[in-house]
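# Residue-level structural notes
Each chain, letter by letter, is given below.
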Amino acid sequence: MTTHKYLNMNSSNMELIDEKSVDLIITSPPYPMIEMWDEIFSQQNPEIANDLKKGDGNGAFYRMHEILNCVWDECDRVLKDNGFICINVGDATRTINGNFQLYSNHTRIIDFFLNKGYSVLPDIHWRKQSNSPNKFMGSGMYPAGAYVTYEHEYILIFRKGGKRQFYGNEKKKRQKSAFFWEERNIWFSDLWEIKGVSQTLFNSKSTRSRNASFPFEVPYRLINMYSVEEDIILDPFAGLGTTNIACMVLNRNSIGIDIDRDIMNLAMENKSINVGSFNKIISDRIKNHLSFVDALPDDKKAKCYKNEVHGFLVKTRQEVAMEIKQLASITQSESGFECSYKLFDQLSFSE
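Right, let's walk through the structure included here. Worth saying up front: this structure is predicted, and the values here are computed from it rather than measured.

What counts and how
Residues numbered from 1 in each chain as written. Predicted model: local features only at pLDDT ≥ 70, side-chain atom pairs only at ≥ 80, totals over all residues. Heavy atoms only, no water. Helix = DSSP H or I, 4+ residues; strand = E, 2+ residues; numbered from the N terminus. Buried < 20%, exposed > 50% of the residue type's maximum accessible area, 1.4 Å probe, protein only. Polar contact = N/O pair within 3.5 Å; in protein donor to acceptor, adjacent residues only side chain to side chain. Salt bridge = Lys/Arg side-chain N within 4 Å of Asp/Glu carboxyl O. Core = buried A, V, L, I, M, F, W, Y, C linked by side-chain atoms within 4.5 Å. Contact = heavy atoms within 4.5 Å.

### Considerations on unusual backbone geometry
A positive phi is found at Asn 82, a non-glycine position, where the angle reads about 75°. Along the polypeptide, Asn 82 turns up in strand β3 (residues 79-89). At Asn 97, a residue that is not glycine, the phi angle is positive and equals roughly 55°. Residue position: Asn 97 is located in the loop between β4 (92-96) and β5 (99-103). Judged by its relative accessible area of 71%, Asn 97 falls in the exposed class.

Here it is, written out as structure tokens:
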């Protein structure tokens, strides 16, 4: 059984969450110096609006990050020792007072966590390529007046303290939570090419202007990579609850926080939260693995191991105890959802 809470509050004060109670944090904050987020930053510090009005881009940029730093302080408080923080953020390019420049959000966040004593791990570039023929900025074919087009965002990864150690029952959970060899080879690459989320998912123009969700695949991969089943995952900028949904699919507990009540209501009303849609994700994962094994040449297939739980072939010994569960039920409560699980039906593998 896992629980998934949605809390409408400011993440700079997460008083409802106990100190050192969270195993993993995955989030995508409002990006400083992206115009769609000016209002929400200015509401928390009116000096930001004043800076933008008088053309002081750097002043606004630093004040916006001061607001984010309050959230990162709270994340540090609630995160367990040896836990991970994964932050999806993009840098901003903007013209203020006639001056075009880059505002490097990812370096400000790295600097914060370095000063906190965190280990900065290799980051991931999430490539969001534009196919527009007119995507270049500046003077076209003439030199010294055009600018490189940004087509990627960062997924920054920080660890609090040393490596997480697993003993006793936790060691067994880790073995059950293993991922497939072929998934490892894709996920642990420094370049991800994943399509973004269409804003047509949202119900109103006002909601679209206040939200920019990352696709399900981003938290889905990170949860697999940096947590084990039944861990507690936090998203302090939850938006439409994509991280919560990935946790439901993957048998992890979750807490999603957002300052916007309308967005949180939409997250709770999401019609895609149902047993059938979640189990299709799980079933597709198994089918993709079986297709991968089936495509192996006979000599490679002969060297595979047999998964002890489900009976299919796997590439490595570390996948032998891997255990995949499917959803048995999803129950909605006042503050979120509860999910129960059962072992994935082996008969469905051949369908």
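Additional details are given in the paragraphs that follow.
### Here's the deal with the side chain of Glu 183
Take Glu 183: it is sitting in helix α6 (residues 181-187). At 2.9 Å, the side chain of Glu 183 forms a polar contact with the backbone nitrogen of Phe 180.

### Observations regarding the pattern of salt bridges
A pair can form between side chains of opposite charge whenever their charged atoms are brought close. If you walk through the whole model with that rule in mind, you get 22 salt bridges. Here Glu 74 and Arg 77 are joined by a salt bridge, their closest N and O atoms 2.8 Å apart. Of this pair, Glu 74 and Arg 77 both sit in helix α3 (residues 57-78), 3 residues apart, which is roughly one turn of that helix. Note on Glu 74: relative accessible area 11%, which makes it buried.

### Quick look at the nonpolar core
In this structure, Tyr 6, Leu 24, Ile 26, Ile 155, Leu 222 and Tyr 226 are the most contacted members of the largest nonpolar core, which totals 44 residues. Top element by residues in this core is helix α8 (residues 217-226). It accounts for 6 residues. Residue contacts for Tyr 226: discarding those within four places in its chain leaves Leu 24, Phe 84, Cys 86, Ile 157 and Phe 188. In this structure, Ile 25, Phe 61, Val 78 and Tyr 154 belong to the second largest nonpolar core, which totals 40 residues.

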